[in-house]
Amino acid sequence: MEGNKLLFVGERIVPFLPDSPMAAYGKAAPKYISENGMEVRALQPKFGNINERRNQLHEVIRLSGLNIDIANTDHPLIIKVASLPGTRLQVYFIDNDDLFKKRGLFLDNDGNEYADNYERAIFYARSTMETCKLLHWTPCVIQCQGWFSTLVAFYLKNAYLNEENFAQSKVVLTLYGEQMNTPLPDNFAEMLCFRTITKEVIDNFGMPLHTFEDLMRFSIKFADGIICGDKDVPEDLISFARENQIPVMPFSEENFPQKTLEFFQSIKQSE
């Protein structure tokens, strides 16, 4: 694998979202990796609870305006940017008035999961790929943090692999013990369709798409590596990755960003 560019596709990054182990790693890993040999750019969903004024976000007009069509519904892509404090890194925010504005991460004010969380995840994954193209960024590694970004692996390997930006890219999923209880929509396969990806193509993979766990296995199938982001990653997902000869990096409480970079290097050396 040639090149030294990392695209970090975050779910939660401090200080844009409240501090947590995932959000802290979302800052620490890109920062460490950028200071130790790789060029890094980061993406983050522009969830409604991210304070634009305090975090000095501004829209990138020249990048915004693309429509992401999901199941015959257009979702205009809005791209904003801010600097990650204490670093030289830029974070690009994926936004849409219907899917993200005035809405938190995955739960409404009553603690219920948003009914369109999976549609939001599709939008984020496809917007990630399109934003990378708009930036003329050619990553050798795309690191996806959290379940919300895992469909990047599917789209990379099925819709974008032959494009110049992504021909040499490897995708690594950083998983956590997250759980969504809402079943996948009945038309989820149709929602995934894009370019040459038809429902028949998806059906031919022979993988069920009914539950959150199904979604995670489906995404893992297309990954080049798995990082356990905490101790709570389900063992059946780790076993599924290993059964499919996908390298797995165990969770570590010490030197986690350093071990992340070493894991990327091991994937390069395995080429």
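In the block above lies the structure referred to throughout.
Bear in mind the structure is a predicted one, so any value in this text is a computation, not a measurement.

## Quick word on the overall build of the protein
Reasoning step 1: Of regular secondary structure, the protein possesses eight helices and eleven strands.
Reasoning step 2: The C-alpha radius of gyration of the protein comes to 17 Å, within 12% of the 18 Å expected for a compact globule of 271 residues.
Reasoning step 3: In terms of overall dimensions, the protein has a C-alpha envelope of 45 × 45 × 40 Å along the principal axes.
Reasoning step 4: Expressed as a percentage of the 271 residues in the protein, the buried residues total 56%.
Reasoning step 5: Sequence separation of 24 or more characterises 71% of the internal contacts of the protein that already satisfy a separation of 6 or more.
Reasoning step 6: Accessible area for the protein stands at about 12,100 Å²; split by element, carbon and sulfur atoms hold 45% of it.

## Digging into the side chain of S127
Reasoning step 1: Positionally, S127 belongs in helix α2 (residues 117-134).
Reasoning step 2: Leaving out residues up to four positions away in the same chain, S127 has contacts with I68, L77 and I94.

## Overview of the nonpolar core
Reasoning step 1: W147, L151, Y155 and L192 are the most contacted members of the largest nonpolar core, which has 100 residues in total.
Reasoning step 2: Not counting residues up to four positions away in its chain, the partners in contact with L151 are I122, A125, F188, L192, L215, F218 and S219.

## Considerations on the pattern of salt bridges
Reasoning step 1: Tallied over the full model, the rule gives 14 salt bridges.
Reasoning step 2: Across the pair E35 and K31 runs a salt bridge whose closest N-O atoms are separated by 2.9 Å.
Reasoning step 3: When its relative accessible area of 26% is taken as the criterion, K31 is described as partly exposed.
Reasoning step 4: Across the pair R103 and D116 runs a salt bridge whose closest N-O atoms are separated by 2.6 Å. Of this pair, R103 sits in the loop between β7 (90-95) and α2 while D116 sits in the loop between β7 and α2; the two residues are 13 residues apart in sequence, bridging distant segments of the chain.
Reasoning step 5: Judged by relative accessible area, which is 14%, R103 ranks as buried.
Reasoning step 6: Each of K46, E52, K80 and D95 takes part in a single network of salt bridges with overlapping partners.

## Here we look at the sheet that holds strand β3 (residues 58-59)
Reasoning step 1: In space, the nine strands of this open sheet follow the order β3-β6-β7-β2-β1-β8-β9-β10-β11, with mixed pairing throughout. Of all strands in the sheet, those with a lone pairing partner are β3 and β11 (248-249), marking the two edges.
Reasoning step 2: With respect to the sheet, helix α1 (residues 21-34) is in contact with β1 (5-9), β2 (39-45), β8 (141-145), β9 (170-175) and β10 (225-228), its orientation differing from that of β8 by roughly 165°.

## Examining the layout of surface pockets
Reasoning step 1: Of the voids in this model, the largest pocket is the one considered here, and its volume is about 180 Å³.
Reasoning step 2: Along its surface, the largest pocket is lined by L184, P185, D186, F188, A189, I202, D203, G206, M207, P208, L209 and H210.
Reasoning step 3: Of all the elements in the fold, those that place two or more residues in the lining of the largest pocket are α4 (188-192) and α5 (199-204).
Reasoning step 4: The class makeup of the residues in the lining of the largest pocket is eight nonpolar, two polar and two charged.

## Let's talk about the pairing of β9
Reasoning step 1: For β9, the buried fraction is high: six of the six residues fall into the buried class.
Reasoning step 2: Burial of the side chains of β9 extends over both faces: K170, V172 and T174 are buried on one face and V171, L173 and L175 on the other.
Reasoning step 3: Sheet topology places β8 next to β9; five bridges connect them, and they run parallel. Looking at β9, one finds that Q145 is bridged to T174.
Reasoning step 4: For the segment spanning β8, helix α3 (residues 151-160) and β9, crossover handedness is right-handed.
Reasoning step 5: Of the strand pairs in this sheet, β9 and β10 are connected by four bridges, and their pairing is parallel.

## Here we look at the packing of aromatic side chains
Reasoning step 1: Under the definition given, this model contains 25 aromatic pairs.
Reasoning step 2: Taking the centre distance of 5.6 Å and the plane angle of 75° together, the rings of W147 and F212 count as edge-to-face. Residue W147 is located in the loop between β8 and α3, and its partner F212 is located in helix α6 (residues 212-220); the two are separated by 65 residues in the primary sequence.
Reasoning step 3: Summarising the aromatic geometry, the rings of F154 and F222 are spaced 5.5 Å apart at their centres and angled 65° between planes, so their arrangement reads as edge-to-face. A residue pair is termed long-range when its members are at least 10 positions apart, and F154 in helix α3 and F222 in the loop between α6 and β10 qualify at 68 residues.

Conventions used here
- Residues numbered from 1 in each chain as written.
- Predicted model: local features only at pLDDT ≥ 70, side-chain atom pairs only at ≥ 80, totals over all residues.
- Heavy atoms only, no water.
- Helix = DSSP H or I, 4+ residues; strand = E, 2+ residues; numbered from the N terminus.
- Rg over C-alpha atoms; globule rule 2.2 N^0.38 Å.
- Buried < 20%, exposed > 50% of the residue type's maximum accessible area, 1.4 Å probe, protein only.
- Contact = heavy atoms within 4.5 Å.
- Areas by Shrake-Rupley, 256 points an atom, 1.4 Å probe, with all protein chains shown as cover.
- Core = buried A, V, L, I, M, F, W, Y, C linked by side-chain atoms within 4.5 Å.
- Salt bridge = Lys/Arg side-chain N within 4 Å of Asp/Glu carboxyl O.
- Pairing = 2+ DSSP bridges.
- Axes fitted to C-alpha atoms, helices over the stretch in contact; angles between N-to-C directions.
- 1 Å grid on protein atoms, 1.4 Å probe; cavity = no way out; pocket = protein on both sides within 12 Å on 5 of 7 lines; lining within 4 Å.
- Points joined across faces, edges and corners; volume = space filled by probe spheres on them.
- Nonpolar A, V, L, I, M, F, W, Y, C, P; charged D, E, K, R; others polar.
- Right-handed = clockwise from strand over helix to strand, strands pointing away.
- Phe/Tyr/Trp six-rings, centres within 6.5 Å; stacked < 30°, edge-to-face > 60°.

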